[in-house]
Amino acid sequence: MQLFLDTANIEEIKEALGWGVISGVTTNPSLVAREKRDFKSLVKEICHMVPGPVSAEVLSMDFREMISEARELSKIAPNVVVKIPMTKNGLKAVNVLSQEGINTNVTLVFSATQGLLAALAGATYISPFIGRLDDISNEGMDIVQDLVIMMENYNLPTRVIAASVRHPMHVLESARVSCHIATVPYKVLEAMLRHPLTDIGIQRFLDDWAKVKNELESGM
Ligand code: E4P
């Protein structure tokens, strides 16, 4: 399984890259808006930092505009993945872009049948939003599992990204159903790292060692 970082924040990306655990980055217009920076130069900077796919989303809903926006984004760097919303125009755009060799990530997927359509249209990635489904009392993980099985059953090359991840259990459950990738906010990555018994264990080791060190130094 791979982890992507779901952020447009340079400091978070720098930090997570240092841990050696992330293979890509996903952004969306809301995440980019928080950074209050020029969109293209921000995407360019992220693409140079990350040795893996970086998703950047189109804003147009019109088919032709979507295609030209996608082509522009794809010129920013070779690792740009163009994020396309799960609409009829989005599918048509994915169909064209995949034939041009432009990688796409179909976003805002909320059902397995939507994901199947996106995969058949030629999406490189599909992003089912599990947290937003859980928020409305639907089991988000069911969609992830269905999509992973569909890709496997029919040998489809599209990779499933568990998106809208809210906590470490979403990552664990994604791994349990063999999801290819989970894209996680930085705070979830930190939550995955922490365990109170690790902190207690470190303190105990340090205290025990300090006690012996003091005794040895005082000639005991
Ligand atoms: C995924 O690609 C999206 O950027 C993201 O996971 C959306 O998450 P949210 O539902 O927390 O906004």
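What this report covers is the structure whose coordinates are included nearby. Predicted, not measured: the structure shown is a model, and the values here were computed from it.

Cut-offs used in this document
Along each chain, the written sequence defines residue order, and numbers are assigned to residues from 1. This being a predicted model, a pLDDT of at least 70 is required before a residue's local features are given, and a value of 80 or more before pairs of side-chain atoms are given or counted; all residues contribute to the totals for chains, interfaces and linings. Side-chain numbers come from the whole structure's heavy atoms, not from hydrogens or water. Think of it this way: any DSSP run of H or I at least four residues long counts as a helix, any run of E at least two long counts as a strand, and we number them from the N terminus. Buried residues are those whose accessible area, probed at 1.4 Å on protein chains only, stays under 20% of the maximum for their type, while exposed residues exceed 50% and partly exposed ones sit between those limits. One side-chain nitrogen of Lys or Arg within 4 Å of one carboxyl oxygen of Asp or Glu is enough to make a salt bridge. The convention used is that axes are lines fitted to C-alpha atoms, helices contributing only their stretch in contact, and that angles between N-to-C directions extend from 0 to 180 degrees. By convention, the crossing between two helices is left-handed when the near helix turns anticlockwise from the far helix through less than a right angle, and right-handed when the turn is clockwise. Residue contacts are counted whenever heavy atoms from the two residues lie within 4.5 Å of one another. Only Asp, Glu, Lys and Arg are considered charged, only Ala, Val, Leu, Ile, Met, Phe, Trp, Tyr, Cys and Pro nonpolar, and every remaining residue, Gly among them, polar. In the analysis that follows, any N or O atom pair within 3.5 Å is treated as a polar contact, provided that within protein one partner can donate a hydrogen and the other can accept it, and provided that, for residues neighboring in sequence, both atoms belong to side chains. Any residue with a non-hydrogen atom lying within 4 Å of a molecule or strand is treated as near it. All accessible areas in this document rest on Shrake-Rupley with a 1.4 Å probe, and a residue is counted as covered only by the protein chains that are shown. Patches draw on residues past 30% relative accessible area with no salt bridge. Two like charges within 9 Å are joined, as are two nonpolar side chains (Val, Leu, Ile, Met, Phe, Trp, Tyr) within 5 Å. In this text, buried Ala, Val, Leu, Ile, Met, Phe, Trp, Tyr and Cys residues form a nonpolar core when linked through side-chain atoms within 4.5 Å. Should DSSP find at least two bridges between two strands, the strands are taken to pair.

**Details of unusual backbone geometry**
- The backbone of K36 sits at a positive phi, close to 50°, despite the residue not being glycine.
- Among the structural elements, K36 can be located in the loop between α2 (29-35) and α3 (39-49).
- With a phi angle near 55°, S164 is a residue other than glycine that sits in the positive phi range.
- Along the chain, S164 falls in the loop between β7 (159-162) and α9 (168-176).
- The buried category is assigned to S164, whose relative accessible area is 11%.

**Focus on the pattern of salt bridges**
- Tallying each qualifying case throughout the model produces 10 salt bridges.
- With its nearest N and O atoms 4.0 Å apart, the salt bridge here joins K83 to E57. Placement of K83 in strand β4 (residues 80-85) and of E57 in strand β3 (residues 54-57) is noted, with a sequence separation of 26 residues between them.
- Residue R166 is joined to D135 by a salt bridge in which the shortest nitrogen-to-oxygen separation is 2.7 Å. Of the two residues, R166 is situated in the loop between β7 and α9 and D135 in helix α7 (residues 130-135); the sequence distance between them amounts to 31 residues.
- Overall, the relative accessible area of 36% leaves R166 in the partly exposed class.
- Under the relative-accessibility criterion, D135 is labelled exposed at 53%.

**Notes on the packing of helix α1 (residues 10-19) against helix α10 (residues 186-193)**
- For the pair α1 and α10, interaxial distance at closest approach is 11 Å and the crossing angle is 35°. Classified by chirality, the crossing of α10 by α1 is left-handed. Residue-level contacts link E12, E15, A16 and W19 of α1 to Y186, L189, E190 and L193 of α10.
- Grouping the amino acids of the contact of α1 with α10 by side-chain chemistry returns 5 nonpolar, no polar and 3 charged.

**Things to note about the side chain of K83**
- Using a relative accessible area of 4% as the deciding quantity, one classes K83 as buried.
- At 2.8 Å, the side chain of K83 forms a polar contact with the backbone oxygen of T27.
- Every residue in contact with K83, bar those within four places of it in the chain, is listed here: T26, T27, N28, S55, A56, E57, V58, N105 and T107.

**Considering the site of the ligand**
- Taken together, the neighbourhood of the ligand is formed by D6, T26, N28, K83, F129, R132, A163, S164 and R166.
- With respect to the ligand, the side chain of K83 contributes an N or O atom lying 2.6 Å from an oxygen atom.
- At a separation of 2.7 Å, an oxygen atom of the ligand approaches a polar side-chain atom of R132.
- When the free accessible area of the ligand is taken as 340 Å², the share hidden by the protein chains comes to 86%.
- Residues of the shell around the ligand, tallied by class, amount to 2 nonpolar, 3 polar and 4 charged.

**With respect to a nonpolar patch on the surface**
- Taken together, W209, V212 and L216 make up a surface patch of nonpolar side chains, about 330 Å² in accessible area.
- By secondary structure assignment, the location of L216 is in helix α11 (residues 196-217).

**Digging into the nonpolar core**
- Membership of the largest hydrophobic core comes to 62 residues, with the highest contact counts inside it found for L5, I46, V144, L147 and V184.
- If you tally residues by element for this core, the top one is helix α8 (residues 140-153), at 7 residues.
- In this structure, V81, Y125, I161 and I181 belong to the second largest nonpolar core, which totals 5 residues.

**So, the sheet that holds strand β8 (residues 181-184)**
- With respect to topology, 8 strands assemble into a closed barrel ordered β1-β2-β3-β4-β5-β6-β7-β8, the strand pairing being parallel. In this sheet, neighbouring strand axes are inclined to one another by 30° on average, regardless of whether the strands run parallel or antiparallel.
- Sheet topology note: the β3/β4 ladder contains 4 bridges and is parallel. Across the sheet, the residue bridging to E57 is K83, located in β4.
- Contacts between helix α4 (residues 63-76) and the sheet are confined to β3 and β4, with β4 contributing the most and set at about 160° to the helix.
- This element, helix α6 (residues 112-121), spans β5 (104-109) and β6 (125-128) of the sheet and lies at about 165° to β5.

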